[in-house]
Structures are given as C-alpha cells and as structure tokens.
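Here is what each chain is made of, one letter per residue.
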Amino acid sequence: MPPFSSQSMEGSIVQLPEIVALKKKYKAYLYLDEAHSIGALGPNGRGVVDYFGLDPRDVDVMMGTFTKSFGSAGGYIGGKKELMDYLRTHSHSAVYATSMSPPVVEQIIASMKCIMGEDGTTIGRERVRQLAENTTYFRRRLQEMGFIIYGNSDSPVVPMMLYMPAKIGAFGREMLKRNIGVVVVGFPATPIIESRARFCISAAHTKEMLDMALSVISEVGDLLHVKYSRRRILPSLDRSFDEETTYEESED
C-alpha cells in the first residue's frame, strides 16, 4: 500500500481502521506518515495510531519527523528489526549520513520523555490536551465567522480556503500589515483553484493570542471577501471554549 499521511496540506486524518482492515484482507504492507501527528494527536500524543486506539504492530512502517512536536532535527523510521537492519545497511541516507549531534539527540529524548510523562511531570499530557482545545476553538471560530476550512475537526493543521490565486498574495500582505505572518499556499502545492492559508495551532497559544489572530483574520476576510461559507456570523470573540455554537443560513 502507498504511504498514508495524517494531516499535511489538507488537515485531514486518514481513516486508519479501514486502511488496516484492507491491509489485513489483501495481505498488503502499510506505510504510515506521522510527520504532522506524532506528539500532537491521540490521548497520549502518540499520533494517529493512538488517536484511533489501534495496535502499532498493524502498521508495517511508521515514519515521522523530529522537527515539529520535538523541536529538533531529523526524523525516524520504525518497523520490525529485520527491516530496520536492512535499511541501516542498504539505504544511502543511512550509510553515507553522519550521526546526529548530541544536543539534537538530547532535545529529542527530553521531548519524548515529556510527552510520555517519564519526566516526572504532567506537562506533556497537559500540552496535548491544550492543543486539542486550541484546535477545536480556532476551527470553530473560523467557521462561525463564515470562512470555509478543510480537514478533520481534531487536526491542528487548519487550511482556510482562499480559492482564487489572486487572493494568495493579497491575504498574506494584508495580514502582515497587521503584524501577523501567515503561510499562504497555491499551485502547484494545491490545485490551482484551491488556494489557501494554512494555520498550524500550538499548545503554547493562549486564548488571547488566538482571539487577536482571529480578529485580524476576520477583518482581512471582510476586506478581501473570502468569507465564502453560507453559515454565518455570530458571536463576539470573548466566548469561552465550552459554549455551544449556533449557525444561521445567509440569504445571499
């Protein structure tokens, strides 16, 4: 089976239980890209396998990066010992590469211990929970304001659709004028009429930070007319994380 990514540009989460079932039925091999989900998804922050409560042994090859949740450099490949031994001796990226520097390795180990709770604190678990809350809040507020967003509601990668290629530069410049830098993406990274801004939510974001960003995004959205959704605009930004959301249909 080809690689399956959990988030990337679409903010989606692969339906891994169904993929695992197909893998078992057809006796295939499964390669899972956890670059955007390791340290971010699941009750224990162990990625999309943890998110669905699956057995990691059902995935033949697991790949991820240390540059995001771990704040370091490099990445990893996980699988059976025979496969790892083969890659170490046959892969050019392993045979001709230099070892990681000690500070990089220590950063990875320290981050991993924090996420797993092996540092004697609950900081890791609290950050995973806070990231989930921030993600839910940010996505909900964008929808309430009339933006169209893609992806799974639990994904901290949040693509907000601009659609028209001409809006890409305009959105980025107008946001920067208001002291917020954003990532805007267009063709060939996306289909030519699916241009977007891509936000990546962090556990370090406070509600005040998110509200400030949302206020500016709303202002620029009105200026550039990119609030395409028919589900329309409701409450002020001082709502709590837990309040209910009500949607209204626009007449136009």
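Please refer to the structure higher up on the page.
As a starting point, this report considers the structure included with it. (Residues numbered from 1 in each chain as written. Predicted model: local features only at pLDDT ≥ 70, side-chain atom pairs only at ≥ 80, totals over all residues. Heavy atoms only, no water.)

1. With respect to the pattern of salt bridges
Counting across every chain of the model gives 15 salt bridges. Between Glu133 and Arg129 there is a salt bridge, with its nearest N and O atoms 3.0 Å apart. Of this pair, Glu133 and Arg129 both sit in helix H6 (residues 123-144), separated by 4 residues, roughly a single helical turn. Residue class for Glu133 comes out partly exposed when judged on its relative accessible area of 32%. Relative accessible area serves as the criterion here: at 43%, Arg129 is assigned to the partly exposed category. Between Arg178 and Glu174 there is a salt bridge; the shortest N-O distance is 2.8 Å. For Glu174, a relative accessible area of 16% corresponds to the buried category. (Salt bridge = Lys/Arg side-chain N within 4 Å of Asp/Glu carboxyl O. Helix = DSSP H or I, 4+ residues; strand = E, 2+ residues; numbered from the N terminus. Buried < 20%, exposed > 50% of the residue type's maximum accessible area, 1.4 Å probe, protein only.)

2. Regarding the packing of helix H7 (residues 166-177) against helix H8 (residues 207-224)
One way to put it is that H7 packs onto H8 with a least axis distance of 10 Å and a crossing angle of 140°. Classified by the angle between their axes, H7 and H8 sit oblique to one another. Note on packing geometry: the crossing formed by H7 with H8 is right-handed. The segment H7 lies against H8, with Lys167, Ala170, Phe171, Glu174 and Met175 engaging Val216, Ile217, Val220, Leu223 and Leu224. Among the residues making up the contact of H7 with H8, the classes are represented as 8 nonpolar, no polar and 2 charged. (Axes fitted to C-alpha atoms, helices over the stretch in contact; angles between N-to-C directions. Parallel < 35°, antiparallel > 145°, perpendicular 65-115°, else oblique. Left-handed = near helix turned anticlockwise from the far one by under 90°. Contact = heavy atoms within 4.5 Å. Nonpolar A, V, L, I, M, F, W, Y, C, P; charged D, E, K, R; others polar.)

3. With respect to the packing of aromatic side chains
Working definition: an aromatic ring pair is given by the centre-to-centre distance plus the angle between the planes. This structure, assessed with the given rule, holds 5 aromatic pairs. An angle of 70° between the planes, with centres 5.5 Å apart, marks the rings of Phe138 and Phe199 as edge-to-face. Of this pair, Phe138 sits in helix H6 while Phe199 is found in strand S7 (residues 195-200), placing the two residues 61 residues apart along the sequence. Side by side, Phe138 and Phe199 carry an identical accessibility label, which is buried. With a centroid separation of 5.3 Å and an interplanar angle of 70°, the aromatic rings of Tyr163 and Tyr228 are classed as edge-to-face. Of this pair, Tyr163 sits in strand S5 (residues 157-163) while Tyr228 sits in the loop between H8 and strand S8 (231-232); the two residues are 65 residues apart in sequence, bridging distant segments of the chain. (Phe/Tyr/Trp six-rings, centres within 6.5 Å; stacked < 30°, edge-to-face > 60°.)

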